[in-house]
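One letter stands for each residue in the lines below.
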Amino acid sequence: MIDWKPLGMALILCASSWTGFRAAAAVRRTDRELRQLRLDLERMRCEISCRLTPIGKLSAQLAQSSRGALTTFFSALAGGLHCGEAVEQAAETAFAKAQLSLPPEVMESLRGLFVGFGSYDYAGQLRQIELTQTQVAAGIALLAEQKQARCRSYELLGLCTGLCLVILVA
Amino acid sequence: MGMEECVSQAIRVLPERVQTLVAAQCARKAVRIEELRLRTGCPVSLFAGGREWGLSDADGPCVADGAMLRQVVARATEHSLYAAGEQLRNGYCTLPGGHRLGICGSAVMDDGQIRTLTAFSSLNLRVARQLRGCADALFRALWQRPLSMLLIGPPGCGKTTMLRDLIRQLSDRSRFRVGVVDERGELAACLDGVPQFSVGACTDVLTSSSKEAGIYLLLRSMRPDWIALDEISALEDVEALCRASYAGVRFLATAHAQGRADLDKRPVYRALLETGVFSLLAVLSPDRQLTIEGL
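Residues numbered from 1 in each chain as written. Chains lettered and ligands numbered in written order. Predicted model: local features only at pLDDT ≥ 70, side-chain atom pairs only at ≥ 80, totals over all residues. Heavy atoms only, no water.

Q: Run through the overall build of chain B, naming residues and quoting values.
A: Broken down by element type, chain B carries 10 helices and 17 strands. Taking 19 Å as the expected radius of gyration for a compact globule of 295 residues, we find that chain B reaches 20 Å, a close match to that expectation. C-alpha atoms of chain B, sized along the principal axes, occupy 60 × 45 × 40 Å. Looking at chain B as a whole, 50% of its 295 residues qualify as buried. Looking at chain B alone, contacts between residues at least 24 apart form 64% of all its contacts between residues at least 6 apart. Surface exposure of chain B reaches about 13200 Å², of which carbon and sulfur atoms provide 50%. Across chain B, the mean location of the 35 positive side-chain charges is 4 Å away from that of the 33 negative side-chain charges. (Helix = DSSP H or I, 4+ residues; strand = E, 2+ residues; numbered from the N terminus. Rg over C-alpha atoms; globule rule 2.2 N^0.38 Å. Buried < 20%, exposed > 50% of the residue type's maximum accessible area, 1.4 Å probe, protein only. Contact = heavy atoms within 4.5 Å. Areas by Shrake-Rupley, 256 points an atom, 1.4 Å probe, with all protein chains shown as cover. Lys, Arg positive; Asp, Glu negative; His and termini not counted. Charge placed at Lys NZ, Arg CZ, Asp CG, Glu CD.)

Here's what the structure looks like:
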């Protein structure tokens, strides 16, 4: 006869720990995306201030140079604009497609940037990007303070929950 | 590029319904479209062969509204007003292919200067075209006497088209090095550095630069035999032409005027004639008759 009990306990422990580690990985992914977004916004600002690159071409360039979910975002944005969609509409579709893991306040700021993108003059457009850059920098600073503690907490919580369940079931 | 291709390229910025109507008009009446006008609250109209008429279909007249005008400007500027800031300040936007969208609306003023245009009220889409051979008479005149030439005529009579063909002929047939200061992007209509119109194998094109800065840049960098510019309109352009003429380069330029008498009335053109830079004056009449005289 096979004793299923130890196997069940091991599974409970693994599942619970996996949930904790997954939550910690999400925090790390948010950090990576924020840092990548900071680079992308800086490139966007430079392209506009030096070459007045239109948003369609800019998105296509960023889709090439960016990483992770932001590549998907800029690629979808460039695709939408190429098909003649308005910037706001193309950005909404791109947000839905990319499933970015950014903090809510940064997402709000990013949405705000794309709502009016291209409808401002040169100075106004740069100001809009700078405002979003400020928000992203604040997001990075806030996450940097909490990242290690949060990741450790999630991992420990998962592990401890699993152990508790094992003890209760045993 | 054929006329049909030119028109279909130009109307890409228009809403789909207008595009369909224009294409139908082209097919049915075989007209050579020169302009399309969109005015808020009025039917979209088409100008060809000296006549303007409104577009309509089974649903009635195709009336333009504010949203339609905003959409057209957004498409024309590639959804990037910041990239077309300087052009918008001057009331136009150049499209791929050298077509020009004239824009009218409310001007936002800043320190006495137009900062941008908003609340668009009318748009005028001018279809650019290339007529090979239209400048044969001018080319022959320059072949006999290769001197700087000023081409004048009223708006819409085809000065730019003729200048473009003259540049091509000087470049291809006489193998002169021609520098083009294409301030508005209408002469060569460069797209990613490639001229959309044929301007000749020995032609160097500088796009989007002011005429003043462009003349000096071409002189320094490309050593041209001729420098061509479209629509001289400011005293700075005249000063730059005058100074550059000492370097031995010859000029081809256009200006808005009905004739010699009209030139003398305007301070900028009077100053231009006084410099003695131009030796030949070509006058293009509204019915496209050309006369060439010495200055």
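Having seen the structure, we can now continue with the description.
Q: Describe in detail the environment of Glu130(A), supporting the description with residues and values.
A: For Glu130(A), the position within the fold is in helix α6 (residues 122-169). Along the backbone, Glu130(A) and Leu113(A) are 17 residues apart, and their C-alpha atoms lie at a distance of 9.9 Å.

Q: So, the pairing of strand β7 (residues 100-110) of chain B: which residues are in play, and what are the values?
A: Residue and element names in this part refer to chain B. For strand β6 (residues 92-94) and β7, the ladder comprises three bridges, and the chain directions are antiparallel. Across the sheet, the residue bridging to Thr-94 is Arg-100, located in β7. Hairpin geometry of β6 and β7 is characterised by an intervening segment of five residues between the two adjacent antiparallel strands and by a positive phi of about 100 degrees at Gly-97. Pairing of β7 with strand β8 (residues 113-126), which is carried by 10 bridges, proceeds in the antiparallel orientation. Paired with Ser-106 across the two strands is Thr-118, which belongs to β8. Between β7 and the antiparallel strand that follows it, β8, lie two residues; Asp-111 among them carries a positive phi value of about 55 degrees. (Pairing = 2+ DSSP bridges.)

Q: Lay out the interface of chain B and chain A in plain terms, naming residues and giving numbers.
A: With eight residues of chain B in contact, the opposing surface of chain A contributes 18 residues. Roughly 1100 Å² is buried in total at the junction of chain B and chain A, and carbon and sulfur atoms are behind 53% of that figure. Scanning the region where chain B abuts chain A turns up two salt bridges. Its salt-bridge partner being Asp192(B), residue Lys57(A) comes within 3.3 Å of it at the nearest N-O pair. Counting across the interface, chain B meets chain A through eight residue pairs in polar contact (both at pLDDT 80 or more). Of the residues assigned to the side of chain B that touches chain A, the class counts are three nonpolar, two polar and three charged. (Buried area = accessible area lost by both parts, 1.4 Å probe. Salt bridge = Lys/Arg side-chain N within 4 Å of Asp/Glu carboxyl O. Polar contact = N/O pair within 3.5 Å; in protein donor to acceptor, adjacent residues only side chain to side chain. Nonpolar A, V, L, I, M, F, W, Y, C, P; charged D, E, K, R; others polar.)

Q: Run through the domain arrangement of chain B, naming residues and quoting values.
A: Residue and element names in this part refer to chain B. Segmenting chain B into domains produces domain 1 (3-126) and domain 2 (136-294). The straight-line distance from the C-alpha centre of domain 1 to that of domain 2 is 27 Å. Between domain 1 and domain 2, the residue contacts involve 11 residues of the former and 11 residues of the latter. Between domain 1 and domain 2, roughly 800 Å² of surface is buried when both sides are summed, and carbon and sulfur atoms account for 43% of that area. Joining domain 1 to domain 2, the criterion identifies one salt bridge. We note a salt bridge from Arg-100 to Glu-186, for which the minimum N-O separation is 3.3 Å. The interface formed by domain 1 and domain 2 holds two residue pairs in polar contact (both at pLDDT 80 or more) in total. (Domains from an automatic or database assignment.)

Q: Can you break down the sheet that holds strand β9 (residues 149-153) of chain B residue by residue, with the values?
A: Residues and elements named next belong to chain B. Taken in spatial order, the seven strands line up as β13-β10-β14-β15-β9-β16-β17 in an open sheet, and their pairing is mixed. Because the sheet does not close on itself, it has two edges, and the strands there are β13 (203-207) and β17 (290-294). Adjacent strand axes in the sheet meet at a mean angle of 20 degrees, parallel and antiparallel pairs treated alike. Of the pairings in the sheet, the one linking strand β10 (residues 178-182) to β13 comprises five bridges and is parallel in character. Looking at the pairing, Val-178 lines up with Thr-203 of β13. (Axes fitted to C-alpha atoms, helices over the stretch in contact; angles between N-to-C directions.)

Q: Report on helix α10 (residues 267-275) of chain B, specifying residues and quantitative values.
A: All names here are of chain B. Considered for burial, the residues of α10 that qualify are Val-268, Tyr-269, Leu-272 and Leu-273. Angular distribution of buried residues about the axis of α10 spans 135 degrees; they occupy a single face of the element. Opposite the buried face of α10, at more than 90 degrees from it, the exposed residues are Pro-267 and Glu-274. Phi turns positive one or two residues past the end of α10, at Gly-276, with a value near 75 degrees. (Arc of directions from axis to C-beta.)

Q: Which residues make up the packing of aromatic side chains, and what values go with them?
A: All names here are of chain A. Scanning the model with the defined rule gives eight aromatic pairs over all chains in all. Look at Phe-73 and Phe-114: their rings are 5.5 Å apart centre to centre, the planes differ by 65 degrees, and that puts the pair in the edge-to-face class. Note that Phe-73 is positioned in helix α3 (residues 69-82) and Phe-114 in helix α5 (residues 104-115), a separation of 41 residues in sequence. The two residues Phe-73 and Phe-114 agree in class, both being buried. Between Phe-95 and Phe-114, the ring centres sit 6.4 Å apart and the planes meet at 75 degrees, which makes this aromatic pair edge-to-face. With Phe-95 in helix α4 (residues 87-98) and Phe-114 in helix α5, this pair connects stretches of sequence that are 19 residues apart. (Phe/Tyr/Trp six-rings, centres within 6.5 Å; stacked < 30°, edge-to-face > 60°.)

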